[in-house]
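Structural overview
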Amino acid sequence: MPFAWFVALRYLRDARGQTALILSAVAVGVAVVVFLSALINGLQASLIDKTLGTQAHITLHTPREVPRPIVLATRTLAIARVVQPASQRLRSIDGWSGVVTDVERLAGIIAMSPMVTGFGFAVRSEAKEAIAIRGVIPERLLAIIDIRKRMVAGLFDVTGDSVVIGSTLAQALDARVGEKIHIVTTEGADEAATISGIFTVGNEGANKAWVITSLRHAQSLYGLPGGATALEVKVADVFNAEGVARALHERTGLEADSWMKQNAELLSGLTAQNNSKLLIQFFVILAVALGITSVLAVSVVQKSREIGILRGVGTPSRRVLAVFLIQGGVLGLIGSFIGSGMGAILAKLFEALGRSANGEPQFPVTLSLSLFVSASMLATSVGLLAAVIPAIRASHIDPATAIRNG
Amino acid sequence: MDESLLKLDNVTKDYGARIRTTALCGINLVVERGEFVALIGPSGSGKSTLLNVIGLLDRPTSGHVFLAGTDTTELNDVKLTGLRANSLGYVFQFHHLLPAFTALENVMLPGWADEGFSSRTMREQAEELLASVGLADRMRFRTTDLSGGQQQRVAIARALSRRPPLVLADEPTGNLDTVSANEIFELMRKFNREDGTTFLVVTHDERIAARCSRVVEIVDGLIRNDRLNAPATAATFQSPK
């Protein structure tokens, strides 16, 4: 065994009380870091999941129509004009299927779903409710938002005149699966449809207004045969959605809205949460580092005579340095293992304790291997760094003085 | 090699930055291979300081220390450390073993520390040495579990573990009862006789000094007396020239 390792481990084993004390300090520190990360990451993941559960990462739609002048000004002709903003009508994206094939091939794009969206009313006997119709290709929609998992009654079936509606809307219309409703669109169409399923998602707006039907059905409702008014996109890296959106805008000329732009407040909240998490973790780690430093510094003083003897019998000072650096690193590493375990147990306990009515955890936690690996690496390097000053002091001990004073 | 094992050329040593205390005021000393030298003198006379300077633990304020012909005052710390590991053995008072380690580990320490890794040869040599000082059955004991005499045997084994030409001992019998002190002294004499290892022993004990081949007396930082003890020590004069 290398000399420095042997001496370092022996010293740690020998000073059992000190070692246990500092190990528990490191463990508690790492446990706080792991627990906090697991909790905050879990909360953020579930928040984002809820937000993106009913929302595509990016939505592509046609740009707003702007009035075009008929006569252009020339050198000899000045024009005075009053411009009236164009009224926006429901339009299909030109050559949308070409856009889909083109964009789908790009890296970072997971799925695309063309849709026709429009507004209208759902009518059932006396009840009239404002609705948002979403005509989709089922398998394409499901690749983006898995509505099937959110069904509370019936099945996700949009064939023929079948529609799937939100639970709040169903309640307002007092409609059940298998019953019929009338759909009146802004384009004047009025058709009967059969409710095949009812869903509940995290977004109350969707529960209250969404009526999902087939693309073809929606096309006929809005008089857009073969058209699609929006393309929804799912990307691999949700936090890069804005960047991808800009790239897609450049590429297709269509308006591209990312979820990040639409949820700017949520994002800034998440960032603030992340910053406060990092701040807490920083101070906890700092306290741990100071703890390691002070225990090792005391140990150097206690052992100065022994270090003097080691130097006296011919131990190079770099090996004395290594002895204390190794102690710091080993304390960090072992402490991080214990702490990771403690943090994980704590997080799981916390998750198990707080459950909401439907059995889902109120505080979902995310424990990943990478969290443990990074916590261990952090603690080990903090241990090493914390040991630098005591180690340098130890390596500078003058053998003659140490032995004489012994 | 006709140079002496140890040669001190007008060595002085001062302590203190503001109030200077002179511990050594110009020591000239030559020790040949195979000698067994007692260094005596009253407390505070500079014996231990001299031993530290010879042991390369302390640098002299002025003058030169030659070890086997090498002027050690010119060497940097790394080279001095290497010389300490390989050319010198130390026997300090009994508490200078490392308490966290077993007797065997203590004896292996100088080689291990110097080379960085332990080897089987290192272990075997250490075991052999411990057996030769009569501690074959105590090798795995922590040094804190050994008696004063046993601890000092371990210290001697440690000092000899690198087969250094020169062993320095600071009051090796100072804390021992008469019987143990005698045993320790005899052990050192044995290694001196059998292996030709040179010993330089600081002692208070007149009886011990009387049994050394040469007695150097230090008073107030100067050598006052340097005499040979003829009778029982004829062997030491067969040292190689």
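Throughout what follows, the structure given in this document is the object of discussion. As the structure is a computational prediction, the values presented were derived from the model and not from experiment. (Residues numbered from 1 in each chain as written. Chains lettered and ligands numbered in written order. Predicted model: local features only at pLDDT ≥ 70, side-chain atom pairs only at ≥ 80, totals over all residues. Heavy atoms only, no water.)

The next thing to look at is the overall build of chain A. Per the secondary structure count, chain A includes 14 helices and ten strands. For a compact globule of 406 residues, the expected C-alpha radius of gyration is about 22 Å, and chain A comes in at 33 Å, more than 25% above that figure. Principal axes of the C-alpha set define a box for chain A whose edges measure 105 × 70 × 35 Å. Burial statistics for chain A: of 406 residues in total, 48% are counted as buried. Counted over contacts in chain A with a minimum sequence separation of 6, partners at least 24 positions apart contribute 77%. Total accessible area computed for chain A in this model is approximately 20,100 Å², and 61% of it derives from carbon and sulfur atoms. (Helix = DSSP H or I, 4+ residues; strand = E, 2+ residues; numbered from the N terminus. Rg over C-alpha atoms; globule rule 2.2 N^0.38 Å. Buried < 20%, exposed > 50% of the residue type's maximum accessible area, 1.4 Å probe, protein only. Contact = heavy atoms within 4.5 Å. Areas by Shrake-Rupley, 256 points an atom, 1.4 Å probe, with all protein chains shown as cover.)

Residue and element names in this part refer to chain B. What the four strands build is an open sheet, ordered S2-S1-S4-S5; its pairing is antiparallel. Pairing within the sheet leaves two strands with one partner each, and these edge strands are strand S2 (21-31) and strand S5 (70-71). Inspection of the sheet shows strand S1 (residues 6-15) paired to strand S4 (residues 62-67) by five bridges, in the antiparallel sense. Residue pairing in the sheet places leucine 6 in a bridge with leucine 67 of S4. Running at roughly 120° to S1, helix H1 (residues 47-54) makes contact with S1, S2 and S4 of the sheet. (Pairing = 2+ DSSP bridges. Axes fitted to C-alpha atoms, helices over the stretch in contact; angles between N-to-C directions.)

Further remarks concern the interface of chain B and chain A. Facing 30 residues of chain B, the contacting portion of chain A comprises 27 residues. Across the interface of chain B and chain A, roughly 2,500 Å² is buried in total on both sides, 58% from carbon and sulfur atoms. Among the residues of chain B in contact with chain A, Phe101, Trp112 and Ala113 of chain B are the three that bury the most area, contributing 20% of the side total. Scanning the region where chain B abuts chain A turns up three salt bridges. For arginine 10 of chain A, the salt bridge identified is with glutamate 105 of chain B, shortest N-O distance 2.7 Å. Run the count over chain B and chain A and you get ten residue pairs in polar contact (both at pLDDT 80 or more). (Buried area = accessible area lost by both parts, 1.4 Å probe. Salt bridge = Lys/Arg side-chain N within 4 Å of Asp/Glu carboxyl O. Polar contact = N/O pair within 3.5 Å; in protein donor to acceptor, adjacent residues only side chain to side chain.)

Bringing the pairing of strand S9 (residues 214-219) of chain B into the picture now. Residue and element names in this part refer to chain B. Most of S9 is tucked away: six of the six residues are buried. Where burial is concerned, the two faces of S9 agree: the one with Arg214, Val216 and Ile218 and the one with Val215, Glu217 and Val219 are both buried. Taken together, the four bridges between strand S3 (residues 36-40) and S9 define a ladder with parallel strand orientation. Along S9, the bridge assignment pairs leucine 39 with valine 216. Where S9 folds back onto strand S10 (residues 222-228) in an antiparallel hairpin, the turn is made up of two residues, including aspartate 220, whose phi is positive at roughly 50°.

Turning next to the packing of helix H12 (residues 317-353) of chain A against helix H13 (residues 369-395) of chain A. Residues and elements named next belong to chain A. Where H12 meets H13, the axes come as close as 7 Å, and the angle between the chain directions of the two elements is 150°. Taken as axis vectors, H12 and H13 run roughly antiparallel relative to one another. In the crossing of H12 with H13, the sense of the turn from one axis to the other is right-handed. Its residues assigned to classes, the contact of H12 with H13 comprises 16 nonpolar, ten polar and no charged. (Parallel < 35°, antiparallel > 145°, perpendicular 65-115°, else oblique. Left-handed = near helix turned anticlockwise from the far one by under 90°. Nonpolar A, V, L, I, M, F, W, Y, C, P; charged D, E, K, R; others polar.)

Time to look at the nonpolar core. Membership of the largest hydrophobic core comes to 122 residues, with the highest contact counts inside it found for Leu6, Leu8, Leu130 and Met188 of chain B. Broken down by element, this core gets its largest block of residues, nine residues, from helix H2 (residues 16-52) of chain A. Leave out the neighbours within four places in its chain, and leucine 6 of chain B touches Leu29, Val30, Val31, Ile54, Val65, Phe66, Leu67, Leu166 and Leu200 of chain B. One finds Ile183, Leu248, Trp259 and Leu267 of chain A within the second-largest nonpolar core, a separate group that totals 49 residues. (Core = buried A, V, L, I, M, F, W, Y, C linked by side-chain atoms within 4.5 Å.)

To continue, consider a nonpolar patch on the surface. A cluster of nonpolar side chains, namely Val28, Val32, Ile280, Leu333, Ile334, Phe337, Ile338 and Met342 of chain A, defines an oily patch on the protein surface of about 650 Å² accessible area. Looking at which element gives the most residues to the nonpolar patch, the answer is H12 of chain A, with five residues. (Patch = residues over 30% accessible without salt bridge, like charges linked within 9 Å, V, L, I, M, F, W, Y side chains within 5 Å.)

Applying the stated criterion across every chain yields a total of 25 salt bridges over all chains. Measuring nitrogen to oxygen at the nearest pair gives 3.6 Å for the salt bridge that ties aspartate 161 of chain A to lysine 180 of chain A. Here lysine 180 of chain A lies in strand S6 (residues 180-185) and aspartate 161 of chain A lies in the loop between strand S4 (151-154) and strand S5 (162-166), a separation of 19 residues in the sequence. Between arginine 138 of chain B and aspartate 137 of chain B there is a salt bridge whose closest N-O contact spans 3.2 Å. Judged by its relative accessible area of 53%, aspartate 137 of chain B is exposed. Here the residues in one salt-bridge network are Asp102, Arg105 and Arg251 of chain A, joined through shared partners.

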